[in-house]
Every structure is written in C-alpha cells, then in structure tokens.
Amino acid sequence: MHGIAATQPYVIALFLAWAGLMKLFSRRMRVRAGQTALARLVGATRAVPALRVVGVAELAVAAVLLLPPVSPWQGPVTALLAALLSAGFLAYLTYSYVAAPTASCGCLGAHSKPVDVRAFARAGLLLAASLLAVPADPGPPLVALGLAEAVALMALSAELDRYWLTPLRRLRVRLRGPLAVPPPEHVPLGASLHLLYRSPAYCSASAQISSDVQDTWDEDGLRFVVFGARERTAVFAVPLTGSDPSRVLVTLVGSEAVKAP
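Since the structure is predicted, the reported quantities are computational estimates derived from the model, not experimental observations.

Draft legend 1. A look at unusual backbone geometry. One non-glycine residue, Asp220, adopts positive backbone phi at about 55°. On the secondary structure map, Asp220 appears in the loop between β1 (213-219) and β2 (222-229). Positive phi is not limited to glycine here, since Arg230 has a value of about 60°.

Below, the structure is given as structure tokens:
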C-alpha cells in the first residue's frame, strides 16, 4: 500500500477540477443543461445554478486535495469528502438511469449519450480512489499508477469519445476495408439466401421447390444451393460478390436447364 494512498489525491483532484471547470465555464454545457437528468431532478430553470454549485464544490475539494497538509487530519478528511462526493455521483447516476434514461448526466461536458455502465464504472473508480486516499501515506506518489488511473477515467468518459474512440473506430474501418470482398468462407449463408430469395431465378422455380436447403458448396466465386424440387433437384448458383439478384442462376436437374432472364 506504500505510495498508493499518496497517489489518489492527484488523480481525484485532476478529475474534479476538470468536471468543475466544465460546469462553470463551458457555454455549450450551460446551453444544454436543460437536457440533462439534473434538469429533471431540480427543474429546467434551476439546472444551470445547480451545475454551478456542484462545479464550485468539485473545485473546492480538488483544491484542498492539492494543498500542502496543515494538519495530519487534512488528508483523510478531504479524502472522505471526495468519497461522499463520489457516492453522490453514484446516487445521481442511479436516479438518472431510472428517472431519465434517455438524458445525459452532464457530469463532464455537453453530450447526448444517456447514462450507461461506463458512467457507473467511472463513478465507482472515483469512489474507490477516494477510499484508498483515506489512510495517511507518507510515501511518494506512484506516477505510473496515477497515469493508469487517469487513462482509465478518460476511457470511461463518454464526453471524450469524439477525441479518441471515434477516430480509432474510423481507423479500424479503413484498415479492415469493410467494402472489400470477403473470402468465400466469410460470406454468411444467410446473406446468400437473402440474395437468392429475391432473384428472378428463385421466382421462376419456386412453384416446384418442395424442400428446404439440402446442400451448399462454394466453387469459382459461386455458392451452389440445392433444394428438392418434387421429383427433381433445383441447384442455384449464387454469386459470392455483388448484390444483383438477376445474376443468380438455377438449374433443374433431370429437366432442361433453365436460366433466369
């Protein structure tokens, strides 16, 4: 535990300072305060003043956490205040989730995402950090631990998704090439059947089909799908690429081959 308790005040103070500054100085957040769950709790006309009060409280606790201790009780008492504030966050998130499930919490910034498991995890992490900071710890803070906790808090903050998660998803889409032709084994049978059932070939032979899919195999860029057709067999050739139903062909084994127009 040496150094762990000494690290927590810096992590908590960073988060609370960020949250408090956003509530006090973000014009966008003040404009959208009426759309948060806080407006449901205190009323739309009181949402902005309530945000400011909470922001001042967060900045005050953050400042005390960072001040040099003037008494041996300052650290534990401030950590307990931070724990109470974190518990209040959890209670508010629970209210938001139940009473206003489509509203944002307004914790760190203006966004439209409702309260989800990430918001609860973030508040839980803050509460755990606050409780860890209660014991007096004369040791130096652990920089690596503080950075890891700060990264975790940022990753759990939906307000920051547009800065890192959205660009990361776009990069993954570019690297994976979702529009590229997938290998045949990666084309779901359901996708082939969806194309097949919309094809003129299937419409021309559907009156004679008397069974469900009996067999399938892939060959030369085509997926062959076999159905029973009364006393015969209907074999459809479905392209593995493209989405044009007119490219689907059908052959009735035991009769003259039929090609869809």
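Draft legend 2. Here's a closer look at the pattern of salt bridges. Summed over all chains, the structure comprises 4 salt bridges. The shortest N-O distance in the salt bridge between Arg122 and Glu159 comes to 2.9 Å. Highlighted residues: Arg122 in helix α6 (residues 117-132) and Glu159 in the loop between α7 (143-155) and α8 (161-176), separated in sequence by 37 residues. Taken as a pair, Arg122 and Glu159 share a single burial class, namely buried. Asp218 serves as the salt-bridge partner of Arg223, at 2.8 Å between the closest nitrogen and oxygen.

Draft legend 3. Examining the packing of α6 against α7 more closely. Running from amino to carboxyl end, α6 crosses α7 at an angle of 155°, the nearest separation of the two axes being 9 Å. One finds that α6 runs roughly antiparallel with respect to α7. Read as a crossing pair, α6 and α7 show a hand that is left-handed. Within the contact between the two elements, α6 uses Arg118, Arg122, Leu125, Leu126 and Ala129 and α7 uses Glu149, Ala152, Leu153 and Ala155. Partitioned by chemical class, the residues of the contact of α6 with α7 number 6 nonpolar, no polar and 3 charged.

The rules behind each value
Residues numbered from 1 in each chain as written. Predicted model: local features only at pLDDT ≥ 70, side-chain atom pairs only at ≥ 80, totals over all residues. Heavy atoms only, no water. Helix = DSSP H or I, 4+ residues; strand = E, 2+ residues; numbered from the N terminus. Salt bridge = Lys/Arg side-chain N within 4 Å of Asp/Glu carboxyl O. Buried < 20%, exposed > 50% of the residue type's maximum accessible area, 1.4 Å probe, protein only. Axes fitted to C-alpha atoms, helices over the stretch in contact; angles between N-to-C directions. Parallel < 35°, antiparallel > 145°, perpendicular 65-115°, else oblique. Left-handed = near helix turned anticlockwise from the far one by under 90°. Contact = heavy atoms within 4.5 Å. Nonpolar A, V, L, I, M, F, W, Y, C, P; charged D, E, K, R; others polar.

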